[in-house]
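# What the coordinates show
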Amino acid sequence: MMEKAKISKKRTAIVAAVLCLALAAGLGTYAWLTAQSSLTNTFTVGSINNPDHKPDPTNPDQPGGDDWDVTGNLIETKWVDNSKLTPGASIAKNPNVGLGKGSDNSYVFVYVKNALVTAGTAPANTPYFTINNGWTAVEGQVQTNGTTGQYMSGLFMYTKSSATPSTVPGLLTASETTDVFTGELFSNVVVPGSLTKDMVNGANPTMTVSCYIFGGNQADGETDAAANALAQAEAWAATQAA
C-alpha cells in the first residue's frame, strides 16, 4: 500500500508539472500574438525671413542681382540721406517689403508717420506721397491733404497687383528658392510749393516708414485669416502713431 501511495504522488506531481508547462506554453503563445505601434510626427514653426538681395530697379516686385546687407524686410533703394526739403521738390523715397526664401506666405502692411512739419500746419502745405498699384489705404487709418490719392501718413496694406481698391489685404506669396517683394508702396515724396521754412518740424524733420508682416493662415477666431491680419495690423498701427 505504501508503495502504491508513493507511485500515486509521483503521478500527481508529473501531471502538475505537465499542466505548468502547458500554461507556460500558452502564455508564450499569447505573447507571440500581441502587437504594438506608434507614430512620431515632427512639426515645424513658420518663419518670416529677411531677403538676401535688393529688389530689381526696373521690376521692384522681383529680386535683383545685388546682395543686400540684411537689416530687415523693409528696403529703400533710392533714398538719399539728408535729402533737402525745398518747395516744389519731388524727393526719391521708395519703401518696398521683401520676404526671404523659405518664408511663409504673408500679409504685409506699412505704416507711414509723417513728422516733417510742425503740428497745426495745414494739410495743403504738408509733404505727401501717392501710393502705387498693388497697395490700398486702410479705411479710417490714413490722412490725406484733401486731394484724392495724396496721402500724408497712415496705414496701408498690400493687395497684390490689382489696381482696384480692396477692403482686405492680399497674400504675398513666398518662395522656397528666391526672395519675393511687394513692390514699392510709393516712389517719391512731394513737397508743396507753399511750404515755408517756419513750417518745417525743427532741425530734424522725419518721415518714418515701418512694416508689419503677418503670416498667412492665422484666423484665430476671426472670419478668415485676412480679417485677422487686418485687425492685428490696425492694433499695431495705433502703437506706431503715438
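The preceding data block contains the structure.
Note that the structure is predicted; figures quoted are calculated from it, not measured.

What follows deals with the sheet that holds strand β10 (residues 180–181). Read from one edge to the other, the open sheet built from 3 strands follows the order β3-β5-β10, with strand pairing classed as antiparallel. At either end of the open sheet lies a strand with only one pairing partner, and these are β3 (74–76) and β10. The pairing of strand β5 (residues 95–99) with β10 spans 2 bridges and is classified as antiparallel. Bridge pairing in β10 places glycine 98 opposite phenylalanine 181.

Our focus in this paragraph is the pattern of salt bridges. Scanning the model with the defined rule gives 1 salt bridge in all. The salt bridge involving lysine 93 is made with glutamate 76; its shortest N-O contact spans 2.9 Å. One end of the pair, lysine 93, is in the loop between β4 (90–92) and β5; the other, glutamate 76, is in strand β3, with 17 residues separating them in the sequence.

Before going further, it helps to examine the side chain of serine 103. Position of serine 103 among the secondary structure elements: in the loop between β5 and β6 (106–115). A polar contact is formed between the side chain of serine 103 and the backbone nitrogen of asparagine 49, at a distance of 2.8 Å. Side-chain polar atoms of serine 103 contact the backbone oxygen of glycine 100, separated by 2.7 Å. Apart from the residues lying within four places of it in its own chain, the contact partners of serine 103 are Ser47, Ile48, Asn49, Ala174 and Ser175.

Our next topic: the layout of surface pockets. In this approach a probe as big as a water molecule rolls over the atoms, and the regions it shows empty are the leftover space. Volume-wise, the largest pocket comes out at about 400 Å³. Contributing to the lining of the largest pocket are 14 residues, with Trp79, Asn82, Ser83, Leu116 and Pro205 lying nearest its centre. Considered class by class, the residues forming the lining of the largest pocket number 8 nonpolar, 4 polar and 2 charged. In this structure, the second largest pocket occupies an estimated 220 Å³ of space. Around the second largest pocket sit 21 residues that line it, and Asp61, Tyr158, Phe181, Thr182 and Gly183 are the ones nearest its centre. Across the lining of the second largest pocket, the residue classes break down as 7 nonpolar, 10 polar and 4 charged.

So, about helix α2 (residues 225–241). Between its first and last C-alpha atoms α2 spans 24 Å; for 17 residues at 1.5 Å apiece the expected length is 24 Å, and the two agree. When we look at burial in α2, the residues that qualify are Ala225, Ala226, Asn228, Ala229, Leu230, Ala233, Trp236 and Ala237. Contact partners of the buried residues in α2: β6, β7 (135–144), β8 (151–158) and β12 (206–215).

Here a ring pair, both rings aromatic, is described through the centre-centre distance and the interplanar angle of the planes. Within this structure, the stated rule accounts for 9 aromatic pairs. Here phenylalanine 129 and phenylalanine 186 contribute two aromatic rings whose centre-to-centre distance is 4.2 Å and whose plane-to-plane angle is 20°, an arrangement assigned as stacked. Note that phenylalanine 129 is positioned in the loop between β6 and β7 and phenylalanine 186 in the loop between β10 and β11 (188–190), a separation of 57 residues in sequence. Note on accessibility: phenylalanine 129 and phenylalanine 186 belong to one class, buried. When the ring of tyrosine 151 is compared with that of phenylalanine 156, the centres are 5.2 Å apart and the planes differ by 85°; the resulting orientation is edge-to-face. For the pair formed by tyrosine 151 and phenylalanine 156, the shared burial category is buried.

Turning next to the pairing of β8. Burial within β8 is extensive, with 8 of its 8 residues counted as buried. Bridge analysis of β6 against β8 gives 4 bridges, and the strand direction is antiparallel. If you follow valine 112 over to β8, its bridge partner there is glycine 154. Between β7 and β8, which follow one another and run antiparallel, lie 6 residues, and glycine 146 among them has a positive phi close to 100°.

Turning to the nonpolar core, a few remarks are in order. By size, the foremost hydrophobic cluster in this structure holds 29 residues, and its most contacted members are Val112, Phe129, Trp135, Phe156, Leu185 and Phe186. Sorting the residues of this core by element identifies β5, β6, β7, β8 and β12 as the ones contributing at least two each.

Here alanine 174 shows up in the loop between β9 (171–172) and β10. Its relative accessible area of 17% is what places alanine 174 among the buried residues. Between the C-alpha atoms of alanine 174 and glycine 98, which are 76 residues apart in sequence, the distance is 9.3 Å. Setting aside its immediate chain neighbours within four residues, alanine 174 contacts Leu99, Ser103, Asp104, Asn105 and Val180.

What counts and what doesn't
- Residue positions are counted from 1 within each chain, in the order its sequence is given.
- Thresholds applied to this predicted model are a pLDDT of at least 70 for local features of residues and 80 or more for the giving and counting of side-chain atom pairs; totals over whole chains, interfaces and linings are not thresholded and use all residues.
- Working from all heavy atoms in the structure, the side-chain values ignore hydrogens and water.
- At least two bridges found by DSSP between two strands is the condition for calling them paired.
- Helix numbers and strand numbers start at the N terminus; a helix is a DSSP run of H or I with at least 4 residues, a strand a run of E with at least 2.
- Whenever Lys or Arg places a side-chain nitrogen within 4 Å of a carboxyl oxygen from Asp or Glu, that contact is recorded as a salt bridge.
- We define a polar contact as two N or O atoms separated by no more than 3.5 Å, with the added condition that, inside protein, one atom must be a possible hydrogen donor and the other a possible acceptor, whereas residues neighbouring each other in sequence contribute only through side-chain atom pairs.
- Here, two residues are considered to be in contact whenever any of their heavy atoms come within 4.5 Å of each other.
- Definitions used throughout: a 1 Å grid over protein atoms alone; a cavity as a set of points that fits a 1.4 Å probe which cannot get out; a pocket as an open set with protein on both sides within 12 Å along at least five of seven lines; a lining residue as one with an atom within 4 Å of a point.
- Grid points are joined across faces, edges and corners, and a volume is the space filled by probe spheres set on the points.
- Amino acids are sorted into nonpolar (Ala, Val, Leu, Ile, Met, Phe, Trp, Tyr, Cys and Pro), charged (Asp, Glu, Lys and Arg) and polar (every other residue, Gly among them).
- How far a helix is expected to stretch is found by multiplying one less than its residue total by 1.5 Å.
- Relative accessibility under 20% of the residue-type maximum defines a buried residue, over 50% an exposed one, and the middle range a partly exposed one, all with a 1.4 Å probe and only protein chains included.
- Two rings from Phe, Tyr or Trp (for Trp, the six-membered ring) form a pair when their centres sit within 6.5 Å of each other. Planes less than 30 degrees apart are called stacked, planes more than 60 degrees apart edge-to-face, and all others tilted.
- Here the nonpolar core consists of buried residues drawn from Ala, Val, Leu, Ile, Met, Phe, Trp, Tyr and Cys, with membership extended through side-chain atoms lying within 4.5 Å.

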